[in-house]
Amino acid sequence: MELKPGLRLASTVCSTEVIVVKAPAGPVDLRCGGRPMVAKADAAEPSGTVDPTHGDGTLIGKRYADDELGIEVLCTKAGDGSLSIGAERLGVKEAKPLPSSD
């Protein structure tokens, strides 16, 4: 799927929803719960089951990213499936530490 910043995506197997913050050029196999995500406008009611190897869940308000690939998404609705690019999981993006103000 071709991703663009601002695109809203939904899982087909759980309640997870994300918005693309940063997208690489070219198609990306973004998945949730082991199944490909779809545009929120095209999403039906979630059905099927979450793949047990991709069932750690997503957290609302967290950013998931892969710096090497150049993708970042923001979770807008939590769910039971975990995010991945193909079979490789996306990690939670850590906040940058602020400089001290001495």
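First things first, this report covers the structure right here in the doc. The numbers attached to residues start from 1 for each chain and follow its sequence in the written order. The predicted nature of this model means local features are confined to residues of pLDDT at least 70 and side-chain atom pairs, given and counted, to a pLDDT of 80 or more, with totals for whole chains, interfaces and linings taken over all residues. Just so you know, side-chain values use all the structure's heavy atoms and leave hydrogens and water out.

Looking at the sheet that holds strand β1 (residues 8-10)
Here's step 1: Ordered in space as β5-β1-β2-β7-β6-β10, the six strands form an open sheet in which the pairing is antiparallel. The open sheet has two free edges, formed respectively by β5 (38-39) and β10 (91-92), since each of these has just one partner strand.
Here's step 2: Here two bridges tie β1 to β5, and the two strands are oriented antiparallel to one another. Bridge assignment links leucine 9 to a residue of β5, and that residue is alanine 39. Paired strands are those between which DSSP finds at least two bridges. In DSSP terms, a helix is any run of H or I states spanning at least four residues, a strand is any run of E spanning at least two, and both are numbered starting from the N terminus.

Digging into the pairing of strand β6 (residues 63-66)
Here's step 1: The sheet contact formed by β6 and strand β7 (residues 71-77) spans four bridges and is antiparallel. Its bridge partner lying in β7, alanine 65 is registered against glutamate 72.
Here's step 2: Following β6, the chain reverses through four residues before pairing antiparallel with β7; glycine 70 in that reversal takes a positive phi of roughly 85°.

Examining the nonpolar core
Nonpolar side chains tend toward joint burial in soluble globular proteins.
Here's step 1: Buried Ala, Val, Leu, Ile, Met, Phe, Trp, Tyr and Cys residues form a nonpolar core when they are joined through side-chain atoms within 4.5 Å. For every residue, the accessible area (1.4 Å probe, protein chains only) is compared with the maximum for its type, and the residue is labelled buried under 20%, exposed over 50%, or partly exposed between those bounds. In terms of nonpolar packing, the biggest core is built from 16 residues, with Leu30, Val73, Leu83 and Leu90 touching the most fellow members.
Here's step 2: At the level of secondary structure, the elements contributing two or more residues to this core comprise β2 (17-22), β3 (30-32), β7 and β8 (83-85).
Here's step 3: Not counting residues within four places of it along the chain, the set of residues in contact with leucine 83 comprises Thr16, Val18, Arg31, Cys32, Met37, Thr58, Tyr64, Val73, Arg89 and Leu90. Here, two residues are considered to be in contact whenever any of their heavy atoms come within 4.5 Å of each other.

A word on the side chain of glutamate 72
Here's step 1: You can see glutamate 72 is positioned in strand β7.
Here's step 2: Of the residues examined, glutamate 72 reaches a relative accessible area of 8% and is grouped as buried.
Here's step 3: Here a polar contact means two N or O atoms within 3.5 Å. Within protein one must be a hydrogen donor candidate and the other an acceptor candidate, and residues neighboring in sequence count only if both atoms are side-chain atoms. A polar contact of 2.7 Å, which involves the side chain of glutamate 72, links it to the side chain of arginine 63.
Here's step 4: Apart from the residues within four sequence positions on either side, glutamate 72 is in contact with Ile19, Val20, Val21, Lys22, Arg63, Tyr64, Ala65 and Lys93.

Remarks on the state of the cysteines
Here's step 1: For the purposes of this analysis, a disulfide is any pair of cysteine sulfur atoms at a distance within 2.5 Å. For the structure on display, the rule yields zero disulfides.
Here's step 2: Cysteine cysteine 14 remains unbridged, with the sulfur of cysteine 32 as its closest cysteine sulfur at 3.8 Å.
Here's step 3: By relative accessible area, which is 7% here, cysteine 14 ends up buried.
Here's step 4: With no disulfide of its own, cysteine 75 has cysteine 32 as its nearest cysteine by sulfur position, at a separation of 8.1 Å.
Here's step 5: You can call cysteine 75 buried: its relative accessible area is 2%.

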